[in-house]
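Structural overview for review
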Amino acid sequence: MATTKIRTSSFSRNPLSGPSSLDPGLKPGPNGSIFVSSGIPDLDRILGGGFNLGSLIMVMEDSEAPHHMLLLRNFMAQGLVHKQPLLYASPSKDPKGFLGTLPNPISPKDDKPRERLTEQDKGLRIAWQYKKYFGENQSSNESGDSKHEYCNDFDVRKPLERQFLIGKHIDCASMTELTLDKLRERCSSFVVQNSRSGDTISCAGRIAIQSLCAPQCEYFNKDWDMLAFLKSLKGMVRASNAVAIVTFPHSVLSSSFSKRWQHLADTLLSVKAIPDEDKELANLLTGYQDMVGLLGIHKVARINTQVPMVLEATTYSIKLYKRRSLTLECLNQAPIDGASGASYGTSSACSGSSKQASLDF
């Protein structure tokens, strides 16, 4: 009796790579990874697609300004727009009140989306204009329904509409009333509801913890307990269908524990405020007056690979596009004479002497 030899290979197709297998809030990535949006289009582009599903993102706060709240608001609002379950923990006594400060997505009717075109896209831009002459249907993203977009532009001046807050699985907890064990149980029950079932991804849960080691919390001085909580939280999200973002004021921690916290993060970010009157920095950077703060990227999660990600830059300026949507830009060095705007060519001796006589080599 002849036997049939089954051909095996170390390469296999990702079952989640098909567009029909994922919700609008999820996007397939390389090496079988799944991305969820951070709520900031520029940050998704910098990180290669967004936050990896099953990863722990940590943000180092600035002691002088609450710029980390900008990242949290967009992260939480993007999840609610995509109808994703949300767990929010805060040291404030009324964490539900924070939901009223979440930004609302910008509709294409109100404002045209910002152009993020590559060189190849720019070359095909004219060709795409002929689609209307052939009667082709417009994509779902152009229909004005923002819930079908992977990442939205949010208006920080308008609160999130009530329709996104009704009928959603939203759990808010005050860390001033919870111990670390109770908070761990809260996160565990939330994660169980969004656990993976085989290769099926139905809905991604989001965990947002603000100022974990804030002095208002009862466990403020329990460094090892907080470190153990972060380890357990990382294990929860890694084996589940969720992503967690934790902000912490690293200035209140000792240097040794701060390094341990940073080492546990899959993706590590930091925010820093810009002084109002820093003449040296204003002369060094262009567009200083439009900057809200600085975003530092110290580590980027890499799932199922050991190849590090090469970033274009590690520090970006945080700006408000038309004073309402967050944008990230690379830092550009200003000309030498920042006050007069003179460049290298106009400030050199050779360029000045060339106007009167020929150069003598």
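Our subject is the structure listed above.
Scoring rules and cut-offs
Residues numbered from 1 in each chain as written. Predicted model: local features only at pLDDT ≥ 70, side-chain atom pairs only at ≥ 80, totals over all residues. Heavy atoms only, no water. Core = buried A, V, L, I, M, F, W, Y, C linked by side-chain atoms within 4.5 Å. Buried < 20%, exposed > 50% of the residue type's maximum accessible area, 1.4 Å probe, protein only. Helix = DSSP H or I, 4+ residues; strand = E, 2+ residues; numbered from the N terminus. Phe/Tyr/Trp six-rings, centres within 6.5 Å; stacked < 30°, edge-to-face > 60°. Lys NZ or Arg CZ within 6 Å of the ring centre and 35° of its normal. Polar contact = N/O pair within 3.5 Å; in protein donor to acceptor, adjacent residues only side chain to side chain. Contact = heavy atoms within 4.5 Å. Pairing = 2+ DSSP bridges. Axes fitted to C-alpha atoms, helices over the stretch in contact; angles between N-to-C directions.

**Quick word on the nonpolar core**
The biggest cluster of nonpolar side chains holds 42 residues, and the ones touching the most others in it are Leu43, Phe51, Met76, Leu102, Leu295 and Ile297. The element contributing the most residues to this core is helix 2 (residues 68–81), with nine residues. With 36 residues, the next largest nonpolar core counts Ala89, Leu180, Leu183 and Cys217 among its residues.

**Concerning the packing of aromatic side chains**
One pass over the structure, following the stated rule, counts four aromatic pairs. Look at Trp224 and Phe257: their rings are 4.9 Å apart centre to centre, the planes differ by 75°, and that puts the pair in the edge-to-face class. Taken as a pair, Trp224 in helix 5 (residues 223–238) and Phe257 in helix 6 (residues 255–264) lie far apart in primary sequence, 33 residues in all. On the basis of relative accessibility, which here comes to 55%, the residue Trp224 falls in the exposed class. Here the aromatic rings of Phe248 and Trp261 are separated by 5.1 Å at their centres, their planes lie at 55°, and the arrangement is tilted. In this pair, Phe248 sits in strand 10 (residues 242–248) while Trp261 sits in helix 6, placing the two residues 13 residues apart along the sequence. In this pair, the class of Phe248 matches that of Trp261, namely buried. Sitting over the ring of Phe75, Arg206 keeps its end group 4.8 Å from the ring centre.

**Observations concerning the side chain of Ser90**
Looking at the element boundaries, Ser90 is found in strand 5 (residues 86–90). Looking at Ser90, the relative accessible area reads 1%, which means it is buried. Among the polar contacts made by the side chain of Ser90, one reaches the side chain of Gln210 at a distance of 3.3 Å. Setting aside residues no more than four positions away along its own chain, Ser90 makes contact with Pro95, Ala173, Ser174, Met175 and Gln210.

**Digging into the sheet that holds strand 9 (residues 205–209)**
In spatial order, the strands read 8-5-9-10-4-11-12-13-14; together these nine strands make up an open sheet with mixed pairing. On the outer flanks of this sheet lie strand 8 (170–174) and strand 14 (325–330), each paired with one strand and no other. The average angle at which neighbouring strand axes cross in this sheet is 20°, direction not considered. With four bridges connecting them, strand 4 (residues 56–60) and strand 11 (residues 267–273) associate as parallel partners. Bridge pairing in strand 11 places Met58 opposite Leu268. In the packing of helix 6 onto the sheet, the strands contacted are strand 4, strand 10, strand 11 and strand 12 (291–299), and the crossing angle to strand 4 comes to about 140°.

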